[in-house]
Amino acid sequence: MQPLSPLARQEPSHPNWELLRRLGWSVANISGAYCVAWRGRDEVVFEWREDGWHRIGGSGPVEHV
């Protein structure tokens, strides 16, 4: 029996808070891959995944980050 070759692993990406700040969000309450951000009256919870920020809740219009 031949051992399986090791799976290629990518380094996990770290949350990039600057992406949110560039769009006018004020970032606060950071906890690992999650944060609460404010912009005007909008308050949104974002989650960082490998491909960027994803909105998972909050008030305000939905937009892509």
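I will try to describe carefully the structure that is included in this document. (Residues numbered from 1 in each chain as written. Predicted model: local features only at pLDDT ≥ 70, side-chain atom pairs only at ≥ 80, totals over all residues. Heavy atoms only, no water.)

**Notes on the environment of Trp48**
To keep things clear, this is the line we draw: A run of H or I in DSSP becomes a helix once it reaches four residues, and a run of E becomes a strand once it reaches two; helices and strands are each numbered from the N terminus. Accessible area is worked out with a 1.4 Å probe on protein chains only. A residue is then buried under 20% of its type maximum, exposed over 50%, and partly exposed in between. Every residue pair with non-hydrogen atoms within 4.5 Å of one another is taken to be in contact. What qualifies as a polar contact is a pair of N or O atoms within 3.5 Å, subject to a donor-acceptor requirement within protein and to the restriction that residues adjacent in sequence count only when both atoms come from side chains.
Mapping Trp48 onto the fold places it in strand β3 (residues 42–49). With a relative accessible area of 12%, Trp48 lands in the buried category. For the pair Trp48 and Cys35, spaced 13 residues apart in the sequence, the C-alpha separation amounts to 8.5 Å. Discounting chain neighbours no more than four positions away, the residues touching Trp48 are Ser13, His14, Pro15, Asn16, Leu19, Ala33 and Trp53. Among the polar contacts listed, one links the side chain of Trp48 to the backbone oxygen of His14, at a separation of 3.5 Å.

**Considering the sheet that holds β3**
Two orientations exist for strands paired in a sheet by backbone hydrogen bonds: parallel and antiparallel. For clarity, the threshold we go by: Only when DSSP finds a minimum of two bridges between them are two strands counted as paired. Inter-axis angles, ranging from 0 to 180 degrees, are taken between N-to-C directions of lines fitted to C-alpha atoms, where helices are fitted over the stretch in contact.
Spatially, the 4 strands line up as an open sheet ordered β1-β2-β3-β4, and their pairing is antiparallel. The sheet is open, and its two edges are formed by β1 (26–31) and β4 (52–59), each paired on a single side. The sheet shows a mean angle of 30 degrees between the axes of neighbouring strands, taken without regard to direction. Inspection of the sheet shows β3 paired to β4 by 7 bridges, in the antiparallel sense. When the sheet's bridge partners are listed, Glu47 is paired in β4 with His54.

**What about the nonpolar core?**
Soluble globular proteins tend to pack their nonpolar side chains together in the buried interior. The test is simple: Note on terminology: a nonpolar core comprises buried Ala, Val, Leu, Ile, Met, Phe, Trp, Tyr and Cys residues joined through side-chain atoms within 4.5 Å.
Counting 10 residues, the largest nonpolar core consists of Trp17, Leu20, Trp25, Val27, Cys35, Ala37, Val44, Phe46, Trp48 and Trp53. Broken down by secondary-structure element, the contributors of at least two residues to this core are α1 (17–22), β2 (34–39) and β3. Element by element, the count of residues in this core is highest for β3, at 3 residues.

**Examining the side chain of Glu47**
Looking at the secondary structure, you find Glu47 in strand β3. At 3.2 Å, the side chain of Glu47 and the side chain of Tyr34 are in polar contact. In this structure Glu47 touches Ala33, Tyr34, Gly52, Trp53, His54 and Ile56, once residues within four positions along its chain are discounted.

**Some details on the pattern of salt bridges**
The condition that has to hold: Salt bridges are defined as contacts in which a side-chain nitrogen from Lys or Arg sits within 4 Å of a carboxyl oxygen from Asp or Glu.
Applying the stated rule across the entire model yields 1 salt bridge. Close ionic contact of Glu47 with Arg49 constitutes a salt bridge, the shortest N to O distance being 3.2 Å.

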